[in-house]
Amino acid sequence: MALSFLQMAKDILEKSAQGGNPQLSLLPLRDVLYSFWGCIMDNVFDEEVWNLIFCGKSMERVDFCLRMRLPFAEAEQEFRRLCRRLRFVPKDTPYRYNLQYLCDLVEILGAEEEYKLHADKAMASLEHLFEVSA
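What you see is a predicted model; the values in this text were computed from it and never measured. (Residues numbered from 1 in each chain as written. Predicted model: local features only at pLDDT ≥ 70, side-chain atom pairs only at ≥ 80, totals over all residues. Heavy atoms only, no water.)

**A closer look at the pattern of salt bridges**
Here is step 1: Here the structure, examined in full by the defined rule, presents seven salt bridges.
Here is step 2: When the shortest N-O distance is used, the salt bridge between arginine 69 and aspartate 120 registers 3.1 Å. Here the residue arginine 69 occupies a position in the loop between α4 (47–67) and α5 (72–86), and aspartate 120 occupies one in helix α7 (residues 112–127), the gap between them amounting to 51 residues.
Here is step 3: Residue arginine 81 pairs with glutamate 78 through a salt bridge whose shortest N-O separation is 2.9 Å. Placement of both arginine 81 and glutamate 78 in helix α5 is noted, with a separation of three residues, approximately one turn of the helix.
Here is step 4: Connected via shared salt-bridge partners are Arg61, Glu78 and Arg81. (Salt bridge = Lys/Arg side-chain N within 4 Å of Asp/Glu carboxyl O. Helix = DSSP H or I, 4+ residues; strand = E, 2+ residues; numbered from the N terminus.)

Below you can see the structure in the form of structure tokens.
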């Protein structure tokens, strides 16, 4: 069921790209995406899976902040949310995050000056956060 909401979102985006008024044609998109996340929250009962899904959502939001060079306060807030979620990733799971990349993110997103200077490095670290350590 959740995938049907993603298909609906994709269809809305494709229709919007074909013409007309993009602002008007994208109005239903928010409702569809909220429905998707509501479906995930209502139908995923395994806490580990639920947490990993929301870790991914938080990672996407941090990535968005970095790519769009949003103000430091917004990026820091999203990163804190991600860190709260990472605390609940079980230690015995194969989906454990890589501490080296997490340390890089903490260093960069811990200070506004570092954020401004090293946003590209933060994006790379975020991209590899769940890679298996060598």
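**Some details on the packing of aromatic side chains**
Given two aromatic rings, their pairing is described by the distance between the two centres and the angle made by the two planes.
Here is step 1: Overall, the coordinates contain five aromatic pairs when judged by the stated rule.
Here is step 2: Their ring planes at 75° and their centres at 4.9 Å tell us that phenylalanine 36 and tryptophan 37 sit as a pair that is edge-to-face. (Phe/Tyr/Trp six-rings, centres within 6.5 Å; stacked < 30°, edge-to-face > 60°.)

**Brief notes about the state of the cysteines**
Here is step 1: Summed over the entire model, instances satisfying the criterion amount to zero disulfides.
Here is step 2: Cysteine cysteine 39 shares no disulfide, and the gap to the nearest cysteine sulfur, in cysteine 55, comes to 20 Å.
Here is step 3: Note on cysteine 103: no disulfide assigned, nearest cysteine sulfur contributed by cysteine 83 at a separation of 10 Å.
Here is step 4: Taking relative accessible area as the criterion, cysteine 103 reaches 46% and is therefore assigned partly exposed. (Disulfide = S-S within 2.5 Å. Buried < 20%, exposed > 50% of the residue type's maximum accessible area, 1.4 Å probe, protein only.)

**Digging into the side chain of aspartate 104**
Here is step 1: Within the secondary structure, aspartate 104 is located in helix α6 (residues 99–108).
Here is step 2: For aspartate 104, the contacting residues outside a window of four places in its chain are Lys121 and Ser125. (Contact = heavy atoms within 4.5 Å.)

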